[in-house]
Amino acid sequence: MASSRNNQDTIHPSSDPSIYQEYESKWSTLPSDSASWIQRAKHVAAVLAPDAAAREKANKTPRAEVALLKHSGLLKILGPKEYGGGGQPWSVAYQAIREVAKGDGSIGMLLGYHLLWAFSAFILGTPSQIAKWTALITSQNLFVGGAVNPRDSDLVITADPNDPTKLIFNGFKNFTTGAAVSDLIMLEGSLSPSSSPDKESDTSGGGAHIFAYVPTTDPGIRFPFNWDAIGLRLTESGSAQISNVVITWDDALGWDASTKQPLPNILGIPFATLLLPTIQLVFTNFYLGIALAALDTAAAYTRKGTRPWPYLSGGERETVTPAATATDEFYILSTYGTHHAHLLAATALVDRANEAVSHLFAAYTGDNTGRNRGEVTALQRGEISELIAAAKIVVTDVGLKVTSDVFEVTGSRATASKVGLDRFWRDLRTHTLHDPIAYKRREVGRWVLLGEIPTPTWYT
């Protein structure tokens, strides 16, 4: 299945996938263990980093970059080995997202969103749906985007008047990260009560949410390529129009196609809400990668390009010798030392959250069927959510500070456009506005003071 262009490249120019063609053969063998998968992610970052600023400035639809992710095998890092995947835990996938984000925040974000949507069948689907979609996505190395943004109105889902086995999606989404360059799109909508087979009792779940994968090539899916934010410019996170996109009831994740009702043992349990903390930790990991890269990039510049300050004032001129090099400057050393320490602490907290999510999924989806997922309790889900929220708070605070302060230790010449040091702050600032961090602070506060686990929402 090829990524759809929908005859829309005339609207917005795309990067050329052939520029990374050499890596298809170079990386034709998948890594064999966790360490090798992380090393593969580092190799991808090394390919992306040298021209990241230039590619961002060109702002082309990232078809080449998605092709590079496909060549690397990272799209199937979580996929079961029986279908040609890496069979790795989420802790390794999260670290891979972080490493790729060090090379290019946009592409780390694309990888993270893909992994979340590709894995969603494990959280929302029946065993047969898990098998179907996991096999397809993994064996064909498909890239998955999403049209789910909950701040928009839900897509409206109605019964097909001509075929009772089918449903029709219609609507508009403002933000659809990666969808325009994907092979499959995860759609989410609300079932119209008028489409209920039992309108009086509405037992079919009228108004309930339905998730479904659809091919991006569907003619009812159109992209205006209107993503033009200050940061994360290569994520194709713009809008999409969904018009009369048809699925079968069999592909409504977690629903019984015969009764046309949501399955309570799948969608009515705490496990089904893990989609949200899982993606919040995706965010946190690519935030951390961006912040780490900002400090590394600044340090490299300081070593070779920053000049020491020769002008002292007052009595200092008689008692203090100006620093001979920028790396001798007290305030520069102090700033780098402080930010390095804070990033080490942030990394430790994020890794702890990564491991917690991995252990949970290993325990309840380890056999690739999810048959025991009903055993996950609301408290387990809540404790992990609070750990992830705490990690996101810390990384947001540290990351915004680091990506701003790097200019203090590099100097005025580092503001040159060709240096590209500003992209780290712009990338991080753009996505940290995704959902207000103040609400995460409040949520964690209620957990600390009241022992209150958060009510699952689209953002918790």
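In what follows, the structure referred to is the one given above.
Residues numbered from 1 in each chain as written. Predicted model: local features only at pLDDT ≥ 70, side-chain atom pairs only at ≥ 80, totals over all residues. Heavy atoms only, no water.

Attention now goes to the pattern of salt bridges. Inspection of every chain in the model, using the stated rule, returns 17 salt bridges. R441 serves as the salt-bridge partner of D397, at 2.8 Å between the closest nitrogen and oxygen. Taken as a pair, D397 in helix α12 (residues 378-405) and R441 in helix α14 (residues 437-450) lie far apart in primary sequence, 44 residues in all. D397 sits in the partly exposed class, given a relative accessible area of 35%. A relative accessible area of 37% places R441 in the partly exposed class. Its salt-bridge partner being D405, residue K401 comes within 3.3 Å of it at the nearest N-O pair. With K401 and D405 both in helix α12, this residue pair falls 4 residues apart, about one helical turn. Note on K401: relative accessible area 47%, which makes it partly exposed. (Salt bridge = Lys/Arg side-chain N within 4 Å of Asp/Glu carboxyl O. Helix = DSSP H or I, 4+ residues; strand = E, 2+ residues; numbered from the N terminus. Buried < 20%, exposed > 50% of the residue type's maximum accessible area, 1.4 Å probe, protein only.)

Moving on, we get to unusual backbone geometry. At L232, a residue that is not glycine, the phi angle is positive and equals roughly 50°. With respect to the secondary-structure elements, L232 resides in the loop between β6 (221-222) and β7 (240-248). Despite not being glycine, K260 shows a phi value in the positive range, around 60°. Summarising the element assignment, K260 is placed in the loop between β8 (255-256) and β9 (261-262). Exposure remark for K260: the relative accessible area of 18% places this residue in the buried category.

Of note, E56 is situated in helix α3 (residues 52-58). E56 sits in the buried class, given a relative accessible area of 10%. Side-chain polar atoms of E56 contact the side chain of R426, separated by 2.8 Å. (Polar contact = N/O pair within 3.5 Å; in protein donor to acceptor, adjacent residues only side chain to side chain.)

This part covers the packing of aromatic side chains. A ring pair, where both rings are aromatic, is described by two values, the distance of the centres and the angle of the planes. Under the criterion given, the structure shown has 16 aromatic pairs. Taken together, a centroid distance of 4.8 Å and an interplanar angle of 40° make the contact between W90 and Y94 tilted. Here W90 pairs with Y94, and both are found in helix α5 (residues 90-103), just 4 residues apart, close to one helical turn. On the basis of relative accessibility, which here comes to 0%, the residue Y94 falls in the buried class. Each ring, one from F119 and one from F122, has its centre 4.9 Å from the other, and the planes form 35°; the classification is tilted. Of this pair, F119 and F122 are both found in helix α6 (residues 105-124), 3 residues apart, which corresponds to roughly one turn of the helix. You can call F119 buried: its relative accessible area is 7%. (Phe/Tyr/Trp six-rings, centres within 6.5 Å; stacked < 30°, edge-to-face > 60°.)

The next subject is a nonpolar patch on the surface. Nonpolar side chains collect at one region of the surface, where V448, L449 and L450 lie side by side and expose about 370 Å² of accessible area between them. Turning to its location among the elements, L450 is positioned in helix α14. L450 gets classed as exposed once you look at its relative accessible area, which sits at 55%. (Patch = residues over 30% accessible without salt bridge, like charges linked within 9 Å, V, L, I, M, F, W, Y side chains within 5 Å. Areas by Shrake-Rupley, 256 points an atom, 1.4 Å probe, with all protein chains shown as cover.)

Our next topic: α5. Counted at 1.5 Å a residue, the expected span for α5 with its 14 residues is 20 Å, and the 20 Å between its end C-alpha atoms agrees. Counting buried residues in α5 gives 12 out of 14 residues, a clear majority hidden from the surface. Among all positions of α5, only W90, S91, V92, A93, Y94, A96, I97, R98, E99, V100, A101 and G103 are buried. Buried positions along α5 lie against α2 (34-48), α3, α6, α9 (275-305), α11 (330-365) and α13 (422-432). (Expected span 1.5 Å × (residues − 1). Contact = heavy atoms within 4.5 Å.)

Function-wise, these values are silent; they only describe arrangement.
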